[in-house]
Amino acid sequence: MPRDYYETLGISRDASPEEVQRAFRTQARRFHPDVNRSPDAEERFKQINEAYQVLSDPESRERYDRFGPDFRRAPQDGSSRGGARGAGTRGTPFTDADLDLDELFGGLFGFGGRGPMAGADQEAELELSVAEAFRGGRRRITLDGRGYDVNIPPGVTDGQRIRLAGQGGRSRGGAAAGDLYLVVRIAPDPRYRVEGRDLHTRLPVAPWEAVLGARVPVRTPGGEARVSVPAGSTTGRRLRLRGQGMPNPRGPAGDLYAELEVQVPTRVTGRERDLYEELGKVSTFDPRESR
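One structure accompanies this document, and this report is about it. (Residues numbered from 1 in each chain as written. Predicted model: local features only at pLDDT ≥ 70, side-chain atom pairs only at ≥ 80, totals over all residues. Heavy atoms only, no water.)

**Some points on the overall build of the protein chain**
Within the protein chain, the secondary structure is distributed over 8 helices and 11 strands. Considering only intrachain contacts with a sequence separation of at least 6, the fraction spanning at least 24 residues in the protein chain is 51%. A total accessible area of about 17,800 Å² is found for the protein chain, and carbon and sulfur atoms account for 47% of it. (Helix = DSSP H or I, 4+ residues; strand = E, 2+ residues; numbered from the N terminus. Contact = heavy atoms within 4.5 Å. Areas by Shrake-Rupley, 256 points an atom, 1.4 Å probe, with all protein chains shown as cover.)

**Description of the sheet that holds strand S1 (residues 122–128)**
Read across the open sheet, the 3 strands follow the order S1-S5-S4; overall the sheet is mixed. Both edges of this open sheet fall to S1 and strand S4 (161–164), since each of them pairs with a single strand only. Averaged over all neighbouring strand pairs, the angle between strand axes comes to 30 degrees, with direction disregarded. With 7 bridges connecting them, S1 and strand S5 (residues 180–186) associate as parallel partners. (Pairing = 2+ DSSP bridges. Axes fitted to C-alpha atoms, helices over the stretch in contact; angles between N-to-C directions.)

**Concerning the environment of Gly196**
With respect to the element layout, Gly196 can be found in the loop between strand S6 (193–195) and strand S7 (198–205). Considering only alpha carbons, one finds Gly196 and Val156, 40 residues apart in sequence, at a separation of 9.5 Å. Excluding its chain neighbours within four sequence positions, the residues that come into contact with Gly196 are Thr157 and Met246.

**Quick look at a nonpolar patch on the surface**
Together, Trp208, Val211, Leu212, Val268, Tyr276, Leu279 and Val282 make up a nonpolar patch on the protein surface, roughly 720 Å² of accessible area in all. Broken down by secondary-structure element, the contributors of at least two residues to the nonpolar patch are helix H7 (207–212) and helix H8 (270–282). Positionally, Leu212 belongs in helix H7. (Patch = residues over 30% accessible without salt bridge, like charges linked within 9 Å, V, L, I, M, F, W, Y side chains within 5 Å. Salt bridge = Lys/Arg side-chain N within 4 Å of Asp/Glu carboxyl O.)

**Topic: the sheet that holds strand S11 (residues 256–262)**
A sheet is described by the order of its strands in space; here 4 strands give the open sequence S6-S7-S11-S10, paired in mixed fashion. Every interior strand has two partners, whereas the edge strands, S6 and strand S10 (238–241), have only one. Geometrically, the sheet is characterised by an average inter-axis angle of 30 degrees between neighbouring strands, direction not taken into account. Pairing geometry for S10 and S11, over 4 bridges, is antiparallel. Opposite Leu241, over in S11, you have Leu256 as the bridge partner.

**Some remarks on the environment of Leu143**
Among the structural elements, Leu143 can be located in strand S2 (residues 137–143). Leu143 sits 18 residues away from Glu125 along the chain, and the two C-alpha atoms are 9.8 Å apart.

**So, the packing of helix H2 (residues 17–31) against helix H3 (residues 41–55)**
Here H2 crosses H3 at 165 degrees, and the two axes come no closer than 9 Å. Regarding the angle of H2 to H3, the classification is roughly antiparallel. The way H2 lies across H3 gives a crossing that is left-handed. Contact residues: H2 offers Val20, Gln21, Phe24, Gln27, Ala28 and Phe31, while H3 offers Ala41, Arg44, Phe45, Ile48, Asn49, Tyr52 and Leu55. Grouping the amino acids of the contact of H2 with H3 by side-chain chemistry returns 9 nonpolar, 3 polar and 1 charged. (Parallel < 35°, antiparallel > 145°, perpendicular 65-115°, else oblique. Left-handed = near helix turned anticlockwise from the far one by under 90°. Nonpolar A, V, L, I, M, F, W, Y, C, P; charged D, E, K, R; others polar.)

**Things to note about the packing of H3 against helix H4 (residues 58–67)**
Running from N to C, H3 and H4 cross one another at 100 degrees; their axes reach a closest spacing of 6 Å. As judged from the angle between their axes, H3 and H4 are roughly perpendicular. Only Ser60, Arg61 and Tyr64 of H4 make contact with H3, whose side of the interface consists of Gln53, Val54 and Leu55. Looking at the contact of H3 with H4 residue by residue, the class counts come to 3 nonpolar, 2 polar and 1 charged.

**A closer look at H2**
In this model H2 runs 21 Å from its N-terminal to its C-terminal C-alpha over 15 residues, within 8% of the 21 Å that 1.5 Å per residue would give. Every buried residue of H2 is accounted for by Val20, Ala23, Phe24, Gln27, Ala28 and Phe31. Seen from one end, H2 has its buried residues packed into an arc of 125 degrees, which puts them on one side. For H2, exposure combined with an orientation more than 90 degrees from the buried face picks out Arg22, Thr26 and Arg30. (Expected span 1.5 Å × (residues − 1). Buried < 20%, exposed > 50% of the residue type's maximum accessible area, 1.4 Å probe, protein only. Arc of directions from axis to C-beta.)

**Quick word on the pairing of S11**
Bridging between S7 and S11 involves 7 bridges; their strand directions are parallel. Bridging from a neighbouring strand, Thr201 pairs with Ala258 of S11.

Spelled out as structure tokens, the structure:
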């Protein structure tokens, strides 16, 4: 399906000529291949240019509004414009061979020495372990063969962006370079499940700890903590350790939830077997009674 020119520029159908031009400047600055290295940038740039060529000319825009994608094949109403150049466009749409920046932008962004042009902002993903996200620190990374020193604040969360000012797209004419934004992705961890700033972990306990209650150690990214297991606990019970989740520089830290797993020994000594047998004889507990 042909792409809608208004959608391409991100404007409404009643946008003024000034709004068309502003939208073109914004989109062209963002997707020009000189400042945007993403694989689809060049194709997006061509689409933006084509949309602007049509919508910036009153005659071609009027025909596009009337006839839609088929406006170039519609009757010319006596107009001398059109032919191979495309009805109502300002010159031939640019191709791979003739993307001349001065001609395309008309000096708006200062290509070819006509003035400064700020660099485009860029994004990349930064994968961190739970421990790295918890404690933060300084890390050296390499992107596209270029090294960066990154200060990771303690307690970063999945999806949070870390800004490296001036490390994005190149500028021209002494203007400011773009910024590089690193989007944090927290890698899956065998011990912790992360939900926002809260952490979830499994806590194995022995049968007697679950029956009698006990105070047991639990590992957290910040070190060992201790939690009280209430007497009569069963597998699946969750114990909350307040403030033991991910740090929060602007408020309270997250919590850590320890989910109990009652585990039985796979091998027992003779004495242990005797005790279990004795327990089996004297106990009135029937785990199937409630089913």
